[in-house]
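Here is what each chain is made of, one letter per residue.
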Amino acid sequence: MPSIYVEEMPRSWEAMKEVVRDVRAWLEGRGISDGAQYVAEVVLEEMLANAVEHGGMGEISVSALVEEERIELCFEDTGPAFDPGMKEPRFPEKGGGGQGGLGLHHVRTLARSMDYERSGGRNVVTISVDRWSPAPGPGSGGG
Amino acid sequence: MEVIVVRSDAVLTHVKLSGRMDVEGVQRAGGAFTEAVAGNGADAVVDLGRVSFMASIGMRLLLENARKLNAGGARFAICCPSGMVAESIKIAGISAVVPVVDSMEQAEELFSS
């Protein structure tokens, strides 16, 4: 199965943007649906941004694997443990305290599954995306 | 992410965004967007019809501008998101706190009410 592995991405926005560009370009050549490409890019963007923003010191590793029916993305880092649970974002307009959790909520809602484990002082997050996810049509507004 | 200011006066700000609202796009053009929208202080309509990708950093940019305008008594609406971008906005709950309309006419109607 085709795969890509990025080892020890420095925790910086510049490095993050470069990895997102590289993995995106790699996925584009893998014959996945437009919807799956979008969701995989959301996963990459949100997980790496979260790690850069909240992860403290240490590097991040990323891998992507395209299988028959799904795309598996795996992220490992040495940042503090976190709760990947399905929480609704908190909006002050709705009585919440900010918009914390927006990125993880975005990922969990679009992806097929998200598994988290803390192993050897590392966060290991494995996210699965349906390879043939359909993209909503142009008429699907957001109202 | 590209920012095109279609109209900017004391009554209305109309901005069209295009491209990717991701870390790269928002870090590059988010300042120009905020200057055009919150900086003007008038009611604002942001057209997302040509935005092809929306990450949470893009949603936060929209929410921050909406809050700044609302704090000053002005209104903020999102216009014309489509496809996966519309889906992202919907599932994140943005459409529950910021009005989303399908056309400029709807936005004008919303602001005149």
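Residues numbered from 1 in each chain as written. Chains lettered and ligands numbered in written order. Predicted model: local features only at pLDDT ≥ 70, side-chain atom pairs only at ≥ 80, totals over all residues. Heavy atoms only, no water.

(A) Up close: the overall build of chain B. A count of helical and extended segments in chain B gives five helices and five strands. Secondary structure elements of chain B, listed N to C terminal, follow the sequence β-β-α-β-α-β-α-α-β-α. Relative to the 2.2 N^0.38 estimate, which gives 13 Å for 113 residues, the radius of gyration of chain B is 12 Å and therefore close to what a compact globule would have. When its C-alpha atoms are laid out on the principal axes, chain B stretches across 30 × 25 × 25 Å. (Helix = DSSP H or I, 4+ residues; strand = E, 2+ residues; numbered from the N terminus. Rg over C-alpha atoms; globule rule 2.2 N^0.38 Å.)

(B) Structural context of the overall build of chain A. A tally of regular secondary structure across chain A gives three helices and five strands. Along its sequence from the N terminus, chain A presents helices and strands in the succession β-α-α-β-β-α-β-β. Residues counted as buried form 47% of the 143 residues belonging to chain A. For chain A, restricting intrachain contacts to residue pairs at least 6 apart in sequence, the fraction spanning at least 24 positions comes to 65%. (Buried < 20%, exposed > 50% of the residue type's maximum accessible area, 1.4 Å probe, protein only. Contact = heavy atoms within 4.5 Å.)

(C) Highlighting the packing of aromatic side chains. All chains considered together, the criterion is met by two aromatic pairs over all chains. Plain terms: the ring middles of A:Y38 and B:F53 are 5.1 Å apart, the flat faces sit at 55° to each other, and that makes the pair tilted. Taken as a pair, A:Y38 in helix α2 (residues 34-54) and B:F53 in strand β3 (residues 43-54) lie in two separate chains rather than in one. The class of A:Y38 is buried, set by a relative accessible area of 7%. Residue class for B:F53 comes out buried when judged on its relative accessible area of 0%. (Phe/Tyr/Trp six-rings, centres within 6.5 Å; stacked < 30°, edge-to-face > 60°.)

(D) The state of the cysteines, seen in detail. Residues and elements named next belong to chain B. Taken as a whole and assessed by the stated rule, the structure comprises one disulfide over all chains. Linked covalently through their sulfurs, C79 and C80 form a disulfide whose S-S length is 2.4 Å. C79 gets classed as buried once you look at its relative accessible area, which sits at 1%. (Disulfide = S-S within 2.5 Å.)

(E) Molecular detail of the pattern of salt bridges. With the rule as written, the count across this model stands at twelve salt bridges over all chains. Among the salt bridges present, the one from A:R21 reaches B:E24, with a minimum N-O distance of 2.7 Å. One end of the pair, A:R21, is in helix α1 (residues 13-28); the other, B:E24, is in helix α1 (residues 23-37), on a second chain. Looking at A:R21, the relative accessible area reads 37%, which means it is partly exposed. Take B:E24: its relative accessible area is 27%, and that puts it in the partly exposed class. (Salt bridge = Lys/Arg side-chain N within 4 Å of Asp/Glu carboxyl O.)

(F) Inspection of the layout of surface pockets at higher detail. Here the second largest pocket defines a volume of roughly 170 Å³. Forming the boundary of the second largest pocket are twelve residues, of which A:Y38, B:S52, B:S82, B:G83 and B:M84 lie nearest the centre. The element that contributes the greatest number of residues to the lining of the second largest pocket is β3(B), accounting for four residues. When grouped by side-chain class, the residues that make up the lining of the second largest pocket number six nonpolar, four polar and two charged. (1 Å grid on protein atoms, 1.4 Å probe; cavity = no way out; pocket = protein on both sides within 12 Å on 5 of 7 lines; lining within 4 Å. Points joined across faces, edges and corners; volume = space filled by probe spheres on them. Nonpolar A, V, L, I, M, F, W, Y, C, P; charged D, E, K, R; others polar.)

(G) Broad picture of the environment of B:L48. Structurally, B:L48 can be placed in strand β3. Non-local contacts of B:L48, meaning those with residues more than four positions away in its chain, are made with B:L17, B:M21, B:M54, B:L62, B:I78, B:C79, B:C80, B:P81 and B:I89.

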